[in-house]
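# Commentary on secondary and tertiary structure
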Amino acid sequence: MFMNEENGLRGGTKYAELATAKKEKHIFAIESDEGGFGVVSLGIDGTVQQETKLRSWLPLFKPYGVLDMPDGGGGADIGPLKRSGAVMASVNPRSQRYFDHHHAPNDVFEAVNKRELEMGAVSMAAIIFLVDKYGL
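Residues numbered from 1 in each chain as written. Predicted model: local features only at pLDDT ≥ 70, side-chain atom pairs only at ≥ 80, totals over all residues. Heavy atoms only, no water.

### Digging into the sheet that holds strand β1 (residues 28-31)
Judged by pairing direction, the sheet is mixed, and its three strands sit side by side in the order β1-β3-β2 without closing on themselves. Single-partner strands in this sheet number two, and they are β1 and β2 (39-45). In this sheet, neighbouring strand axes are inclined to one another by 20° on average, regardless of whether the strands run parallel or antiparallel. Here β2 pairs with strand β3 (residues 87-93) via six bridges, running antiparallel. Counterpart to Val39 in the pairing with β3 is Pro93. Packed onto the sheet, helix α2 (residues 48-55) meets β2 and β3 and runs at close to 155° relative to β2. Each of β1, β2 and β3 touches helix α6 (residues 114-134); the most contacted strand, β1, lies at about 175° to it. (Pairing = 2+ DSSP bridges. Helix = DSSP H or I, 4+ residues; strand = E, 2+ residues; numbered from the N terminus. Axes fitted to C-alpha atoms, helices over the stretch in contact; angles between N-to-C directions. Contact = heavy atoms within 4.5 Å.)

Pasting the structure below:
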């Protein structure tokens, strides 16, 4: 895990640099950077074959409110790992309340809706489990 997107992407860039130096093979990266609200989709970005496999799991996610797996997964923080061939994914929540909190005085942990945050965590854990168990 790493961070520092808001300061020139140094965290993600350094992480990718160190992974390359250590000859680590990252096959999948997921980012959640649009708030801790209820998840509506998981964006994905890989080869056509990889995306087809990921989308075959969509029925498993629908009961939890994840309704789609559109193109365009990833984000600034994990973007540097794409160069090494990692499949990119992103948690896409319902974002209509995002700027009610983003970098505002009420952007505090106490303002987080626990259930919405848990649903995002469950979505991330589930797709990581499926990739681990069934591969890409």
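Now, onward.
### With respect to a nonpolar patch on the surface
Together, Phe109, Val112 and Leu117 give the surface a local cluster of nonpolar side chains, amounting to about 290 Å² of exposed area. Looking at the secondary structure, you find Val112 in the loop between α5 (98-101) and α6. (Patch = residues over 30% accessible without salt bridge, like charges linked within 9 Å, V, L, I, M, F, W, Y side chains within 5 Å. Areas by Shrake-Rupley, 256 points an atom, 1.4 Å probe, with all protein chains shown as cover. Salt bridge = Lys/Arg side-chain N within 4 Å of Asp/Glu carboxyl O.)

### Remarks on the pairing of β3
For β3, a buried count of seven out of seven residues is recorded, marking the element as mostly surrounded by other parts of the structure. Here β3 shows a buried face lined by Val87, Ala89, Val91 and Pro93 and a second buried face lined by Met88, Ser90 and Asn92. As judged from the four bridges shared by β1 and β3, these two strands associate in the parallel manner. When the sheet's bridge partners are listed, Ile30 is paired in β3 with Ala89. (Buried < 20%, exposed > 50% of the residue type's maximum accessible area, 1.4 Å probe, protein only.)

### Re the confidence of the model for the chain
Keep in mind that low pLDDT regions are not for reading the predicted coordinates in detail. Put simply, the chain has an average pLDDT of 85, and 90% of its residues get 70 or more. Here α5 stands out as the element of the chain with the lowest mean pLDDT, 66, in contrast to α2, whose mean of 95 is the highest. (pLDDT = per-residue confidence, 0-100.)

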